[in-house]
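Structural description and commentary
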Amino acid sequence: MMTIADELKRIAMGEILSDEWSREVYSVDASHYSIKPSVILFPLDEGDLAEICRYGYSKNVSITARGAGTGLLGQSLNDNIIIDFTKHMNKILEIESDYVIVQPGIVKGVLDNELKKKGKFLPPDPASSNYCTIGGMIANNSSGVHTLGYGSTIDYLNTINVVYSDGNLRTIGGGNTHTNTNINYDKSHTEDEKDDKITKLYRLLSLCSNIELIKNKYPNVTKNSCGYRLDEVIRNKKFFAHKLFAASEGTLGLVTSAKLRILDIPLYRTTIVFGFNDLLSAMGAVPLILKFSPIALEMMDETVLQNFQESSYKVKNKDGKQRGNGCLLFVEFAGDKLMDVEQKFAGCKEKLSSMSSLIESVSDEQSSVRIWRARKNALNNITKLTVGSRKPLGLIEDTVVSPNVLCDYAQFILQKYIENKLDYVIYGHAGNGNLHTRPMINTESQNEIKLYDHLAEEVFSKAISCSGTITGEHGDGIARTKYIEFMYGSQVVSIFQQIKKIFDPKFIMNPGKKVVNRL
């Protein structure tokens, strides 16, 4: 019998890898999972990709898209076909004054450099920006340190070209609208080429019962990557079908190009680092800082700082000696009016003067980049803590609650670590109420794994009770998909299952993520 690789050599135009070494390389990503694929393909263009999808559809062979493999929960792993966009489908197709059109394999850092030449930027800036791809950012609905001021990837997605599981190509987004009794329909296709999948999606989500369900079940937070973002698809009584694909992790179709909104780089910015005695005192200051409308408000706790190379970010006492249990807040103000930026900085500095120390404040680009590089290196520092099977394990590492309850929520997490005698690390996007925390777990100990599973249920329950989410930007992947029903309930999951059946009736698109069980 012919192997999958042999059969695809008759169909695909791009390179095909099926040797043992390549399969081993593509069996891992930034998570702790390992799944060896049968074959890796590098499509030349969307036509080539369409042929590959038609093959998979006809043979019931699963397909998973991969960018840089920076997903933290196994999103890009699959035991059959892996599609790597980074070799050929990695181009900027068009740059205009307010948008850019790119292919999924382009690296965010490469795009940033090109946009900067024109005084523009695409705001979502995950820590992996220097190597993650736009396709992966759409799939996860990535955010970053400036999400507080600018929003997530879903907020910048205007139009996408997609190849469905059956190989059909469609353009989704933009177009005209027509009125419905419940929501307005932002058409994603031309009149002469109707997309039945989008029409079915519209009919499903326009049901009054489903509109009300989505309204009541989705979290009240500024970022969310759990499940399908139906709250954005039918936002403000309008229908934006293309936003379904943000945070979908390649489970509904493969994006071949995307039109993204871009902004002017602000003329002025000031970046400040404040030092606090401990995590809870820093979290208590977050609502006060938010009153001054920063575009970024980030946190690094002493659990991260103690492994940090940059000595200037060690929290110190007034006598200059290093202080234990410290916590830093990174705050940034930006805009096109210097006076506004300066006033916000001065007001914030004055407000925090009695509860923190001013570690550093800068207004030049080079120094600001240095500070944010330090913050973005937090995860890299954390991964170095792995010793054998004892690892800083991710699962509860991306919860989000309202900043107004963040201090109480952080205290709850710390108490759970104390009760379970767990070492931990914690940092995150404090302004969004998004904490990145990982306990140190011996992955070879069944007792510790069971302990962690119980801890996850407790932490997720607490986040949900605060109208929060179990993942703000990292997504569900293999690890968190089983908790989606815990997050939304069975009725919303039933809608997810119906959507999956509409777009991927054979369940071949990145199986095991977002939706596990068929209807």
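The rules we used
Residues numbered from 1 in each chain as written. Predicted model: local features only at pLDDT ≥ 70, side-chain atom pairs only at ≥ 80, totals over all residues. Heavy atoms only, no water. Helix = DSSP H or I, 4+ residues; strand = E, 2+ residues; numbered from the N terminus. Buried < 20%, exposed > 50% of the residue type's maximum accessible area, 1.4 Å probe, protein only. Contact = heavy atoms within 4.5 Å. Pairing = 2+ DSSP bridges. Axes fitted to C-alpha atoms, helices over the stretch in contact; angles between N-to-C directions. Parallel < 35°, antiparallel > 145°, perpendicular 65-115°, else oblique. Left-handed = near helix turned anticlockwise from the far one by under 90°. Nonpolar A, V, L, I, M, F, W, Y, C, P; charged D, E, K, R; others polar. Phe/Tyr/Trp six-rings, centres within 6.5 Å; stacked < 30°, edge-to-face > 60°. Lys NZ or Arg CZ within 6 Å of the ring centre and 35° of its normal. Expected span 1.5 Å × (residues − 1). Arc of directions from axis to C-beta. pLDDT = per-residue confidence, 0-100. 1 Å grid on protein atoms, 1.4 Å probe; cavity = no way out; pocket = protein on both sides within 12 Å on 5 of 7 lines; lining within 4 Å. Points joined across faces, edges and corners; volume = space filled by probe spheres on them. Salt bridge = Lys/Arg side-chain N within 4 Å of Asp/Glu carboxyl O.

Moving on: the overall build of the protein. Counting secondary structure elements, the protein contains 19 helices and 22 strands. Once the C-alpha set of the protein is aligned to its principal axes, its extents read approximately 75 × 55 × 45 Å. Across the 519 residues of the protein, 56% fall into the buried class. Counted over contacts in the protein with a minimum sequence separation of 6, partners at least 24 positions apart contribute 71%.

On to the sheet that holds strand β4 (residues 81–84). If you trace the four strands from one edge of the open sheet to the other, you get β1-β2-β4-β3, paired in mixed fashion. Here the strands that pair on one side only, and so sit at the sheet edges, are β1 (15–17) and β3 (63–66). The mean angle between the axes of side-by-side strands here comes to 25°, regardless of whether they run parallel or antiparallel. In this structure, β3 lies alongside β4, joined through four bridges in parallel fashion. Paired with Thr 64 across the bridge in β4 is Ile 82.

Angle between the axes and distance between the axes are the two parameters that describe a pair of packed helices. Where helix α10 (residues 279–290) contacts helix α15 (residues 406–419), the axes come no closer than 8 Å and their chain directions differ by 155°. One element, α10, and the other, α15, form an angle in the roughly antiparallel class. Classified by chirality, the crossing of α15 by α10 is right-handed. Each of Leu 279, Leu 280, Met 283, Gly 284 and Val 286 in α10 lies in contact with α15, whose residues at this interface are Leu 406, Cys 407, Ala 410, Gln 411 and Leu 414. Partitioned by chemical class, the residues of the contact of α10 with α15 number eight nonpolar, two polar and no charged.

For the rest of this paragraph, the subject is the sheet that holds strand β8 (residues 157–163). Reading across the sheet, the five strands line up as β5-β6-β13-β8-β9 and stay open at both edges, with antiparallel pairing between neighbours. Edge strands, defined here as strands with exactly one partner in the open sheet, are β5 (92–95) and β9 (169–172). Going from strand to strand, the sheet's axes swing by 15° on average, the running direction of each strand aside. Sheet topology note: the strand β6 (residues 99–102)/strand β13 (residues 254–261) ladder contains four bridges and is antiparallel. Bridging across to β13, Tyr 99 finds its partner in Arg 261. Lying on the sheet, helix α4 (residues 108–116) is in contact with β5 and β6; it crosses β5 at an angle near 30°.

With that settled, consider the packing of aromatic side chains. Enumeration according to the criterion identifies ten aromatic pairs in this entry. For the ring pair Phe 121 and Tyr 150, a centre distance of 5.3 Å and an interplane angle of 85° mean the geometry is edge-to-face. With a gap of 29 residues between them, Phe 121 in strand β7 (residues 120–121) and Tyr 150 in helix α6 (residues 147–150) connect regions that are remote in the sequence. One aromatic cluster in this structure is built from Tyr 218, Tyr 228, Tyr 488 and Phe 496. Its guanidinium or amino end placed over the ring of Tyr 99, Lys 259 lies 4.3 Å from that ring's centre, counting from NZ or CZ. In this arrangement the basic side chain of Lys 506 is found over the ring face of Tyr 57, its NZ or CZ atom lying 4.3 Å from the centre.

Take the environment of Val 110 next. With respect to the helices, strands and loops of the structure, Val 110 is situated in helix α4. Given a relative accessible area of 44%, Val 110 falls into the partly exposed group. Placed 18 residues apart in sequence, Val 110 and Ile 92 show a C-alpha to C-alpha distance of 9.5 Å.

Quick look at helix α13 (residues 365–376) now. Across its twelve residues, α13 extends 16 Å between first and last C-alpha, which sits within 8% of the 16 Å expected from 1.5 Å per residue. Along α13, the residues that are buried comprise Ser 367, Ser 368, Ile 371, Trp 372, Ala 374 and Arg 375. Looking straight down α13, one finds that the buried residues subtend no more than 150° of arc, so they occupy a single side.

A separate point is the confidence of the model for the protein. Looking at the protein, pLDDT values average 92 and 93% of them are 70 or higher. When the criterion is pLDDT under 50, residues 176–181 qualifies, and its contacts beyond four places in sequence or with other chains add up to twelve contacts. Note that pLDDT drops below 50 for residues 186–192; the model gives that stretch 21 contacts with residues more than four away or on any other chain.

The space that makes up the second largest pocket amounts to roughly 550 Å³. Pro 219, Arg 229, Asp 231, Glu 232 and Arg 235 are, among the 23 residues lining the second largest pocket, the residues nearest its centre. When residues of the lining of the second largest pocket are traced back to their parent elements, those giving at least two are α8 (208–217) and α9 (230–233). In terms of residue count, the dominant contributor to the lining of the second largest pocket is α8 (three residues). For the lining of the second largest pocket, the per-class residue count stands at eight nonpolar, seven polar and eight charged.

Glancing now at the pattern of salt bridges. Considering all chains together, one arrives at 27 salt bridges under this definition. One salt bridge connects Lys 223 with Glu 473, and the closest N-O pair in it is separated by 3.0 Å. Remark: Glu 473 occurs in the loop between α16 (446–465) and α17 (477–480) and Lys 223 occurs in the loop between α8 and α9; sequence separation between them is 250 residues. For Lys 223, a relative accessible area of 2% corresponds to the buried category. We classify Glu 473 as buried; its relative accessible area is 8%. Its salt-bridge partner being Arg 370, residue Glu 360 comes within 2.3 Å of it at the nearest N-O pair. One end of the pair, Glu 360, is in strand β18 (residues 357–362); the other, Arg 370, is in helix α13, and ten residues separate them in sequence.

Moving on, we get to the pairing of strand β15 (residues 268–276). Most of β15 sits inside the fold, with seven of its nine residues counted as buried. Across nine bridges, β15 lies against strand β17 (residues 327–335) in antiparallel orientation. The partner of Tyr 268 across the bridge, within β17, is Gly 335. Here five bridges tie β15 to β18, and the two strands are oriented antiparallel to one another. Within β18, the position partnered with Ile 272 by the bridge is Ser 361.

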